[in-house]
Amino acid sequence: MIYDEDLKSLRRSLDRMKTCAKISIVLALLSIILCLTSCGTTRHLPQETVQSKDSTKVEIREKTVYVRDTVILKIPAQTAERETQDSTSHLENEYAASDARINKDGSLYHDLKTKPQDKPVEFDKPVETRDSIIYRTQYIDRVQTVEVERELSWWQKTQMYGFWVALAAIVVICRKKIFSVLKLLIRI
């Protein structure tokens, strides 16, 4: 009798262990199936890569050009006098007025007076030019990832709701075994 009772309790323990093993196998399979059929990761748009480089080059050109130009010179007033015993006298100046006369003593008086004026004179005027040319090159590199939200597909929504329905159905169907396993775990 004692032997029969030990045998029965041993069989119950083995049955419980088999039940626990079956439940753990079922739960493991469910976990694997759920992992394989769950929602996918977010999808990214292709990344846009833009690099940034900046370079500046300054080129300076200096050039001297001779330009024909005119300058106005002011000619000051001039005076010249001359006396001679001859009956003729000649005083000459490019910008002058001349008066000649014979005095009472028989001498010739010649008076030359210039008019104040401006005289244009041409010359080569140096004109210096200085040009600066700036070359600027700019490259821009950026990496920008844009996440786009999208709605779940019909299949993904069904999977999400179906998990809870399947879990509730498993609990209802296997409730006796689940409660017995929980009682066993509580005793240990």
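Below you will find a few notes about this structure. (Residues numbered from 1 in each chain as written. Predicted model: local features only at pLDDT ≥ 70, side-chain atom pairs only at ≥ 80, totals over all residues. Heavy atoms only, no water.)

1. Quick look at the pattern of salt bridges
Here is step 1: Evaluated as defined, the whole model comprises 5 salt bridges.
Here is step 2: Between R130 and E62 there is a salt bridge, with its nearest N and O atoms 3.8 Å apart. Of this pair, R130 sits in strand β6 (residues 117–139) while E62 sits in strand β2 (residues 53–75), and the two are 68 residues apart along the sequence.
Here is step 3: Taking relative accessible area as the criterion, R130 reaches 56% and is therefore assigned exposed.
Here is step 4: When the shortest N-O distance is used, the salt bridge between E122 and R68 registers 3.6 Å. On the criterion of sequence distance, the pair formed by E122 in strand β6 and R68 in strand β2 is long-range, its members being 54 residues apart.
Here is step 5: By relative accessible area, which is 52% here, E122 ends up exposed.
Here is step 6: Residues joined by salt bridges that share partners form a network here, namely R68, E122 and D124. (Salt bridge = Lys/Arg side-chain N within 4 Å of Asp/Glu carboxyl O. Helix = DSSP H or I, 4+ residues; strand = E, 2+ residues; numbered from the N terminus. Buried < 20%, exposed > 50% of the residue type's maximum accessible area, 1.4 Å probe, protein only.)

2. A few points about the pairing of strand β5 (residues 108–114)
Here is step 1: Here β5 lies mainly inside the structure; 6 of its 7 residues are buried.
Here is step 2: Sheet analysis places strand β3 (residues 79–84) next to β5, joined by 6 bridges and oriented antiparallel. The partner of T79 across the bridge, within β5, is K113.
Here is step 3: Pairing analysis gives 7 bridges linking strand β4 (residues 96–102) to β5, with the strands arranged antiparallel. The partner of A96 across the bridge, within β5, is T114.
Here is step 4: Linking β4 to β5, which pair antiparallel, is a turn of 5 residues; within it G106 sits at a positive phi near 95 degrees. (Pairing = 2+ DSSP bridges.)

3. What about the sheet that holds β3?
Here is step 1: A sheet is described by the order of its strands in space; here 3 strands give the open sequence β3-β5-β4, paired in antiparallel fashion. With one partner strand each, in any of the chains shown, β3 and β4 form the two edges of the open sheet. Averaged over neighbouring strand pairs, the angle between their axes works out to 10 degrees when direction is ignored. (Axes fitted to C-alpha atoms, helices over the stretch in contact; angles between N-to-C directions.)

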